[in-house]
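Residue-level listing of the chains:
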Amino acid sequence: METIRIRKVIADDIDTLQSIGRQTFSETFSAGNAEANMKEYLEESFSLERLIAELSNQNSEFYFAELNNNVIGYLKLNSGQAQTELKEHNALEIERIYVLNEFHGKNVGQLLFEKALQAARLISADYVWLGVWEKNVRAVSFYKKNGFIEFDKHIFKLGEDEQTDIMMKLPLQ
């Protein structure tokens, strides 16, 4: 059996990052959202300009999950001021864990999650937090299985649609 490798994304990977980002987001959310809202979100959030800015932010890190040199998923982490909301120095945000549909249930998300925990320990974070769409039952279940607890909710805008994200945290003490 081939081994899934996790590696840090570098500037030369920008086109691959854009491609995997758009594909996994589409696979995950297209069925439950209007096409126009999806198109707007994908164009904004995965534009090369936006990804270059995120990749060059010293408080954000991206990692690819690879199988046979093919990217099958990715992770985005934020610390410090790069966090989308809390911005606490003792926290690490998992902004994105996405895996291609064909690799769901094959431990890829778990490997990316473990990479996030490793990164959190490296910066001595007290907790890891994230926001997850309340209708993404698979992801909510994954995070609960990994010890996350709900602590708040916030609004996530997908195009013109305001959606509710459940905010969850995992204490690391």
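In the block above lies the structure referred to throughout.
Residues numbered from 1 in each chain as written. Predicted model: local features only at pLDDT ≥ 70, side-chain atom pairs only at ≥ 80, totals over all residues. Heavy atoms only, no water.

### With respect to the pattern of salt bridges
One pass over the structure, following the stated rule, counts 11 salt bridges. For Lys76, the salt bridge identified is with Glu95, shortest N-O distance 2.7 Å. With Lys76 in strand E3 (residues 70-79) and Glu95 in strand E4 (residues 91-99), this pair connects stretches of sequence that are 19 residues apart. Lys76 gets classed as buried once you look at its relative accessible area, which sits at 3%. Overall, Glu95 belongs to the partly exposed group, its relative accessible area being 24%. Through salt bridges with shared partners, one network takes in Arg50, Glu54, Lys76, Glu95 and Arg96. (Salt bridge = Lys/Arg side-chain N within 4 Å of Asp/Glu carboxyl O. Helix = DSSP H or I, 4+ residues; strand = E, 2+ residues; numbered from the N terminus. Buried < 20%, exposed > 50% of the residue type's maximum accessible area, 1.4 Å probe, protein only.)

### Considerations on the environment of Asn70
Mapped onto the elements, Asn70 comes out in strand E3. Exposure remark for Asn70: the relative accessible area of 48% places this residue in the partly exposed category. Sequence separation between Asn70 and Leu112 is 42 residues, and the spatial gap between their C-alpha atoms is 15 Å.

### Focus: the pairing of strand E6 (residues 149-158)
As defined by bridge partners, E6 adjoins strand E7 (residues 161-171) across 9 bridges and the pair is classed as antiparallel. Bridged to Lys153 within E7 is Ile166. In this structure, the hairpin formed by E6 and E7 is closed by a connection of 2 residues, where Gly159 is found at a positive phi of approximately 60°. (Pairing = 2+ DSSP bridges.)

### What to know about the sheet that holds E3
Pairing within the open sheet is mixed, and its 7 strands lie in the order E1-E2-E3-E4-E5-E7-E6. Where the open sheet ends on each side, the last strands, each with one partner, are strand E1 (5-8) and E6. Adjacent strand axes in the sheet meet at a mean angle of 30° when their direction is disregarded. Both E4 and strand E5 (residues 127-133) contribute to a ladder of 3 bridges, which runs parallel. Considered in E5, the bridge of Glu93 is made with Trp129. In this fold helix H5 (residues 137-145) packs onto E4, E5, E6 and E7, with an angle of close to 160° to the strand it touches most, E5. (Axes fitted to C-alpha atoms, helices over the stretch in contact; angles between N-to-C directions. Contact = heavy atoms within 4.5 Å.)

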